[in-house]
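# Topology and contacts: notes
As a plain string of letters, each chain reads:
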Amino acid sequence: MSFTWKIGGEAGFGIMTTGLLFSKIASRSGYHIFDYVEYPSLIRGGHNAYEVHVSENETTHLNKTIEILVCLNKETFEKHKFRLTSESLVIYDKDEFGIISDYKTINIPFKKILSELKGQPVMKNTIALGASIAVLGGDIDVLLKIIEEQFSKKGEEIINFNKQFANVGFNQVKNNYKTLILNYLTKRKSDVKLVMTGNDAFSLGSMIADCRLYVAYPMTPASSVLTTLASWQKKTNIVVRHAEDEISVINTAIGASFAGVRSSVGTSGGGFALMVETVSLAGVTEIPLVIFVSQRPGPATGMPTWTEQGDLLFAVHSGHGEFPKIVLAPGDIEEMIELTAKAYNLADIYQLPVIVMSDMLLSESHKTVSKKFVDDFIAEYKVNRGKISNIKASTFAKASVDEQNFLRYKITEDGISERLIPETPGSFYQANSYEHLEDGHTTEESAPRIAQVDKRARKWQTYLKSDFQLPKIYGDIDKADVVFVCWGSTKGVVVEEQKILLKKDKASACIHFNHMYPLDKEKIKGIFNKKKRYILVENNSWGQFGKLLLQETGIEIKEKLLKYDGRPIMAEEIINKLT
Amino acid sequence: MSTINDFSGYNPTWCPGCGNWGIGVAIKQALVQLNLSPSKVGVVFGIGCSGNMNDFLNAYAIHSLHGRAIPNAIGIKLANHKMPVVAIVGDGDCYGEGGNHLIHACRGNHDITVIVHDNGVYGLTTGQVAPTALKGFKSKSTPSGIIEIPINPLSLAIGSGATFVAQSFAGDVNHAIAMIKAGIEHKGFSLINILQPCVTFNKINTYQYYLQKVYKLPLNYKKDNFKTAVEKSLEMNEEKFPLGIVYETDKPSYTDQLPQLEKKTLVEKERFSDFEKLMIDFI
Ligand SMILES: Cc1ncc(C[n+]2csc(CCOP(=O)(O)OP(=O)(O)O)c2C)c(N)n1
């Protein structure tokens, strides 16, 4: 069983909160969810919509068909009716706009109820939730409990006032639309689940990894990392700085990381563009840094609240000069937790910038994650700070001035040199933006220049040997008629669409990359050595990963499914491509 | 006790007669007099002739990007607020390329000391005009004379919330030492603008020029008065250069106001581990 519930209304009237509440209601009722928000880049007056895909099984994608559409205004109906079928249920207020034929309809007199009970406009949402639970055969107590939690600080009276709207909506359906009631949300047993977005997952992953400083400047769709971590400051003692611009953001983080504190920054493409000079600084000074880049459609300001995978090549090639960096692109919430925490270790082990890529779809959509998965991950995760010098003060005390010159950039086989945390007594060193000698002093000589370039480059070899992970393969390539190649957030829809294909007796496989750069040419060639129909699936217009794969491995995927209207790819679109 | 020698790295490569020599000595001397050692101080250098002090001064240091020393210094301070942090920058670096950072560092009263080598030109890129140059200053990039009026660093900083603003002169090393010491000892944001003759590219603002135009603030000068401090700063617009602490006031610094840092520095804190507290938000 799976269904899509969608609510829409005017921006500024609590659609987002209501959508999240529905996701939590479904999760607490024992179901898996994946949700998606649609909103324009304004605060009032535009159209907001929120859809939740609910399933008995894990889900990471959206379906085209909407089973229940809650229309808080006419625009919702007009904008989304193309996704309805004759079996779809439309909840709306007859008094506000015309009769809708062709679908099953439920009339909820929102306006009348509000005026009778003296409610505020936002309380329409509570009525809608009550009605939705009723028509789905769910338990109203789940919503009532959430209302109690939400208003716990405001007292009994407010709680009861809000509860009545939920009950009225619920009873409207129970009393008048018995024949339409479904059993889609009947309570089922399941383990405890967390309802999280990719940004939540990056935030939690950062805390798990012992990140102590997060610096950012708000930019959709990365902003909620800033606000979430800021709201956790009291609980966790993390320091969050909202700096004057993205240049200050990344340079603050560089300073703190130099001083020994795990630090990260987050932004979208435009903000990242401002940071890029300092990505290069992190590269040459070998200062660890985690950079969260959540993509939205560009160029320039683009479509701020929509989704795209348009910055992969920009991230991979970011920064002037030649220096190593690592780019990761988690495919879902679980991977976001794992790879975020891993990114901090990689940054410390290899002493370089690590970019964690997301996009609006992954950053702002919620998905249910088993709490046990997170608990187990926390128990297993180990902070690895890499090579930090444990030279004791006494070693230096008797040393001559020369010996005090710490070889911060010592030439090593694996390319990694020991770091020294500032204030370690008896020594000092400079992290130098200029090309430098082993001890950090500036040089323009040929031999040490070559030695340092080569040393830094060796970190990539070490990484490819020790920490690079090949793409995960879903399905069996040998048996597959078609092999999809994708990266990052498109994993969910591709894997889902494989299941649909399987039902039609079509076997497919999916090669999903999340360790984006650098790539291990030989190992990857081994995966692509079968004669198959390969299709590249990306949420952009250039097929950027296809280009990267060609550049790094010589593998070219000719057939492509590319979507770049700002909307995520839907399973049906992939199926259509095949026929 | 540390000595000047402990702080001395390579021999400087500045032009003979450059004001940076005086500033370099003053910085080292101030650090010695404050009883600091190279392992006890964090320094961030900008990019410029001034920033080239990176190889001449021993410390835990970042030789940063052009214009970005201030946010680096803020980061070091956030990580380890018990360590004194100094930014050594040029006027192009700090008032031009990184001007935005200066304003916001003042606002935040970040406890860092910013030492600006004010020479009116971009020394390292061979003499183009800097934002501090007088209107009409002719340089390679402004052959007909600069159209803009100069920035007034002192009033800019005071107006932006800096809690310590001083001016000194590279030709008076003892004065510079006193200002740098006071700046580092001050809790909160401190700016020290040091008038620095560039003997190679600035034929206007020479030692002789400054010797005629600088004067020391009198002993009875009240440095905690905002209005007089702004008035004093504005004298620079008439080519009168007050030397001394133009403005100083006592306000909590940025890190003073972070309850997270009350007991320990960020770098020495224990790891956070109570994840249940975070996960309840998601149920
Ligand atoms: C982003 C960037 N732009 C330009 C430069 C070139 N550059 C190096 S130093 C400098 C100006 C130096 O002037 P100032 O900051 O006044 O320092 P001074 O050399 O006079 O001490 C410039 C423009 C650079 N390094 N980085």
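Residues numbered from 1 in each chain as written. Chains lettered and ligands numbered in written order. Predicted model: local features only at pLDDT ≥ 70, side-chain atom pairs only at ≥ 80, totals over all residues. Heavy atoms only, no water.

In the annotation of an unreviewed UniProt entry, chain B is listed under the name 2-oxoacid ferredoxin oxidoreductase.

For chain A, an unreviewed UniProt entry supplies the name 2-oxoacid:ferredoxin oxidoreductase subunit alpha.

In this numbering, the UniProt entry assigns the feature "domain: Pyruvate/ketoisovalerate oxidoreductase catalytic" (unreviewed entry) to residues 12-170 of chain A. Structurally, residues 12-170 of chain A comprises 42% helix and 18% strand, and the distance from its first C-alpha atom to its last is 24 Å. (UniProt positions renumbered as here; feature names shortened; annotations may be inferred. Helix = DSSP H or I, 4+ residues; strand = E, 2+ residues; numbered from the N terminus.)

So, on to the site of the ligand. Residues in contact with the ligand amount to 17 residues; listed here are only the nearest, Cys49(B), Asp91(B), Gly92(B), Asp93(B) and Gly123(B). Residues within reach of the ligand are spread across chains A and B. Cys49(B) is positioned such that a nitrogen or oxygen atom in its backbone is 2.7 Å from an oxygen atom of the ligand. Asp91(B) is positioned such that a nitrogen or oxygen atom in its side chain is 2.6 Å from an oxygen atom of the ligand. For the ligand, whose unbound accessible area comes to 590 Å², protein coverage reaches 78%. Contributing elements (two or more residues each) for the shell around the ligand: α4 (91-97) and β5 (121-122) of chain B. (Near = heavy atom within 4 Å. Polar contact = N/O pair within 3.5 Å; in protein donor to acceptor, adjacent residues only side chain to side chain. Areas by Shrake-Rupley, 256 points an atom, 1.4 Å probe, with all protein chains shown as cover.)

Across the contact, 63 residues belong to chain A and 49 residues belong to chain B. At the boundary of chain A with chain B, total buried surface from both sides reaches about 5,100 Å², with 60% on carbon and sulfur atoms. Where chain A meets chain B, there are 2 salt bridges. Put simply, chain A and chain B have 28 residue pairs in polar contact (both at pLDDT 80 or more) between them. If you tally residues by element for the side of chain A that touches chain B, the top one is helix α10 (residues 246-258) of chain A, at 8 residues. When grouped by side-chain class, the residues that make up the side of chain A that touches chain B number 32 nonpolar, 17 polar and 14 charged. Pairing between strand β15 (residues 430-432) of chain A and strand β2 (residues 60-63) of chain B: 3 bridges, direction parallel. If you follow Ala431(A) over to β2(B), its bridge partner there is Ile62(B). (Contact = heavy atoms within 4.5 Å. Buried area = accessible area lost by both parts, 1.4 Å probe. Salt bridge = Lys/Arg side-chain N within 4 Å of Asp/Glu carboxyl O. Nonpolar A, V, L, I, M, F, W, Y, C, P; charged D, E, K, R; others polar. Pairing = 2+ DSSP bridges.)

This paragraph deals with unusual backbone geometry. Residues and elements named next belong to chain A. The omega angle of the peptide bond from Gly-298 to Pro-299 is -5 degrees, so this bond is cis rather than trans. At the junction of Tyr-517 and Pro-518, the peptide bond is cis and its omega measures out at 0 degrees in the coordinates. Within the secondary structure, Pro-518 sits in the loop between β19 (515-517) and α20 (521-527). The phi dihedral of Asp-210 falls on the positive side, at around 70 degrees, and the residue is not glycine. Structurally, Asp-210 is set in the loop between α7 (198-208) and β8 (213-216). Although it is not a glycine, Glu-286 sits at a positive phi angle of roughly 60 degrees. Inspection of the secondary structure assignment puts Glu-286 in the loop between α11 (269-285) and β11 (289-295). By relative accessible area, Glu-286 is classed as buried at 0%. (Buried < 20%, exposed > 50% of the residue type's maximum accessible area, 1.4 Å probe, protein only.)

With that out of the way, let us pick up the domain arrangement of chain A. Residues and elements named next belong to chain A. On domain assignment, one finds that chain A holds domain 1 (2-180), domain 2 (195-380), domain 3 (394-449) and domain 4 (472-578). For domain 2 and domain 3, the distance between their C-alpha centroids amounts to 29 Å. Across the boundary between the two partners, domain 2 contributes 14 residues, which contact 13 residues of domain 3. Surface buried jointly by domain 2 and domain 3 totals about 1,100 Å² across both partners, of which 55% is contributed by carbon and sulfur atoms. Interface area lost by domain 2 to domain 3 is led by Phe-258, Val-284 and Gln-351, which between them contribute 45%. Taken together, domain 2 and domain 3 are joined by 1 salt bridge. Notably, a salt bridge pairs Arg-419 with Asp-348, separated by 3.4 Å at the nearest N-O pair. (Domains from an automatic or database assignment.)

This paragraph deals with the pattern of salt bridges. Residues and elements named next belong to chain A. Counted according to the given criterion, the structure contains 43 salt bridges over all chains. Here Arg-212 makes a salt bridge to Asp-210, at a shortest N to O gap of 3.0 Å. The same class applies to Arg-212 and to Asp-210, which are both buried. One salt bridge in this structure joins Lys-455 and Glu-286, with 3.1 Å as the shortest N-O distance. With Lys-455 in helix α18 (residues 446-466) and Glu-286 in the loop between α11 and β11, the pair connects residues that are 169 residues apart, well separated along the chain. The buried category is assigned to Lys-455, whose relative accessible area is 0%. Three or more residues joined by partner-sharing salt bridges are found here, namely Lys-6, Glu-38, Glu-51 and Arg-83.

Residues and elements named next belong to chain A. With mixed pairing, 7 strands are arranged side by side in an open sheet as β9-β8-β10-β11-β13-β12-β19. Because the sheet does not close on itself, it has two edges, and the strands there are β9 (239-242) and β19. Here the average twist between neighbouring strands, direction ignored, is 25 degrees. When β8 meets strand β10 (residues 263-267), the two strands line up parallel, connected through 4 bridges. Across the sheet, the residue bridging to Ala-216 is Gly-266, located in β10. Against the sheet, helix α8 (residues 223-231) contacts β8, β9 and β11, and its axis sits at roughly 140 degrees relative to β8. (Axes fitted to C-alpha atoms, helices over the stretch in contact; angles between N-to-C directions.)

What follows is about the packing of aromatic side chains. Given two aromatic rings, one states the distance between the centres and the angle between the planes to describe the pair. For the structure shown, the criterion picks out 28 aromatic pairs over all chains. When the centroid spacing of 5.7 Å and the interplanar angle of 80 degrees are considered together, the rings of Phe226(B) and Tyr247(B) count as edge-to-face. Of the two residues, Phe226(B) is situated in helix α9 (residues 226-234) and Tyr247(B) in strand β10 (residues 241-248); the sequence distance between them amounts to 21 residues. Under the relative-accessibility criterion, Tyr247(B) is labelled buried at 6%. Every member of this aromatic cluster is reached through a ring pair, and the members are Phe169(B), Tyr207(B), Tyr209(B), Tyr210(B) and Phe241(B). In this structure, Arg188(A) packs its charged tip against the face of Tyr31(A), placed 5.3 Å from the ring centre. Sitting above the plane of the Tyr215(B) ring, Lys240(B) keeps its charged end 5.6 Å from the centroid. (Phe/Tyr/Trp six-rings, centres within 6.5 Å; stacked < 30°, edge-to-face > 60°. Lys NZ or Arg CZ within 6 Å of the ring centre and 35° of its normal.)

It is worth spelling out the state of the cysteines at this point. One pass over the full model with this rule turns up 0 disulfides over all chains. Note on Cys94(B): no disulfide assigned, nearest cysteine sulfur contributed by Cys106(B) at a separation of 8.4 Å. (Disulfide = S-S within 2.5 Å.)

Turning our attention to the nonpolar core. With 156 residues, the main nonpolar core has Leu204(A), Phe513(A), Phe528(A), Phe545(A) and Val114(B) as its most contacted residues. By residue number, the principal contributor to this core is helix α13 (residues 333-350) of chain A, which donates 11 residues. In this structure Phe528(A) touches Val485(A), Ile511(A), Phe513(A), Tyr534(A), Leu549(A), Ile555(A) and Ile557(A), once residues within four positions along its chain are discounted. Val37(A), Ile106(A), Met123(A) and Val173(A) belong to the second largest nonpolar core, which has 57 residues in total. (Core = buried A, V, L, I, M, F, W, Y, C linked by side-chain atoms within 4.5 Å.)

With that settled, consider the packing of α10(A) against helix α3 (residues 69-79) of chain B. Look at α10(A) against α3(B): their axes get within 6 Å of each other, and the N-to-C directions meet at 45 degrees. Considering the angle they form, α10(A) stands oblique to α3(B). The chirality of how α10(A) crosses α3(B) is right-handed. Seen from α10(A), the contacting residues are Ser248(A), Asn251(A), Thr252(A), Ile254(A), Gly255(A), Ala256(A) and Phe258(A); seen from α3(B), they are Pro71(B), Asn72(B), Ile74(B), Gly75(B), Ile76(B), Leu78(B) and Ala79(B). (Parallel < 35°, antiparallel > 145°, perpendicular 65-115°, else oblique. Left-handed = near helix turned anticlockwise from the far one by under 90°.)

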